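What follows is each chain in one-letter form.
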Amino acid sequence: MQTMAVSQFRFSGFQPTDTLRAFVNSQLDAIVEQGPSDAASTARLMKTEEGYAASISLATLNGVFMASTVAIDPARAVRAIALKIGRQLVDWKKTRFDGVRDLP
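Residues numbered from 1 in each chain as written. Predicted model: local features only at pLDDT ≥ 70, side-chain atom pairs only at ≥ 80, totals over all residues. Heavy atoms only, no water.

Some remarks on the packing of helix H1 (residues 18-34) against helix H2 (residues 74-95)
Then, in step 1: At a minimum axis distance of 10 Å, the contact between H1 and H2 shows a crossing angle of 5°. Viewed along their axes, H1 and H2 adopt a mutual orientation that is roughly parallel. Here H1 contributes Leu20, Phe23, Val24, Gln27, Ile31 and Gln34 to the contact with H2, which in turn contributes Pro74, Ala75, Val78, Arg79, Ala82, Ile85, Gly86, Leu89, Trp92 and Lys93.
Then, in step 2: A per-class count over the contact of H1 with H2 returns 11 nonpolar, 3 polar and 2 charged. (Axes fitted to C-alpha atoms, helices over the stretch in contact; angles between N-to-C directions. Helix = DSSP H or I, 4+ residues; strand = E, 2+ residues; numbered from the N terminus. Parallel < 35°, antiparallel > 145°, perpendicular 65-115°, else oblique. Contact = heavy atoms within 4.5 Å. Nonpolar A, V, L, I, M, F, W, Y, C, P; charged D, E, K, R; others polar.)

What to know about the packing of aromatic side chains
Then, in step 1: This model, assessed by the stated rule, comprises 4 aromatic pairs.
Then, in step 2: Relative to phenylalanine 14, the ring of phenylalanine 11 has its centre 5.8 Å away and its plane inclined at 90°; by these criteria the two rings are edge-to-face. An identical accessibility class is assigned to phenylalanine 11 and phenylalanine 14; each is buried.
Then, in step 3: The interplanar angle of 80° and the centroid separation of 5.1 Å between the aromatic rings of phenylalanine 14 and tyrosine 52 together place this pair among those described as edge-to-face. With phenylalanine 14 in the loop between strand E1 (10-12) and H1 and tyrosine 52 in strand E3 (residues 51-60), this pair connects stretches of sequence that are 38 residues apart. (Phe/Tyr/Trp six-rings, centres within 6.5 Å; stacked < 30°, edge-to-face > 60°. Buried < 20%, exposed > 50% of the residue type's maximum accessible area, 1.4 Å probe, protein only.)

What about the sheet that holds E1?
Then, in step 1: Within the open sheet, the 4 strands sit side by side as E1-E2-E3-E4. Their pairing is mixed. Whereas interior strands pair on both sides, the edge strands pair on one side only; in this sheet they are E1 and strand E4 (63-71). Strand-to-strand twist of the sheet, defined as the mean angle between neighbouring strand axes without regard to direction, takes the value 10°.
Then, in step 2: In this sheet, E4 lies alongside E3 in antiparallel orientation, the contact comprising 9 bridges. Residue pairing across strands places leucine 58 opposite phenylalanine 65, the latter belonging to E4.
Then, in step 3: Against the sheet, H1 makes contact with E1, strand E2 (40-48) and E3, and its axis sits at roughly 145° relative to E2, the strand it touches most.
Then, in step 4: Packed on one face of the sheet, H2 meets E2, E3 and E4 and runs near 155° to E4. (Pairing = 2+ DSSP bridges.)

Let's talk about the side chain of asparagine 25
Then, in step 1: As for its placement among the helices and strands, asparagine 25 is situated in helix H1.
Then, in step 2: Engagement of the side chain of asparagine 25 in a polar contact is seen with the backbone nitrogen of phenylalanine 9, the distance being 2.7 Å.
Then, in step 3: For asparagine 25, the residues in contact, after removing those within four places along its chain, are Ser7, Gln8 and Phe9. (Polar contact = N/O pair within 3.5 Å; in protein donor to acceptor, adjacent residues only side chain to side chain.)

Structure follows, in structure tokens:
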């Protein structure tokens, strides 16, 4: 288990309920936990005319993992970007040791 700074969403255009705040931050924590140990996260959830715009970015020495979406429901928006980032991290894990030869 890696030690990391507490990651939190930034909200704009609305005041989230405590339940929503806890849910989205737990989603972010789960994403950060799956990523490289050096990941620095940025996460935003903003109310717009179209609904709720959500975005997450994990900046690492291995590259940047990003996802964003807009949905009518804020929790749905966060779930969608968590799935997108999750797929990116699975792909990264499959290939992160490519080119590293086996040691004798």
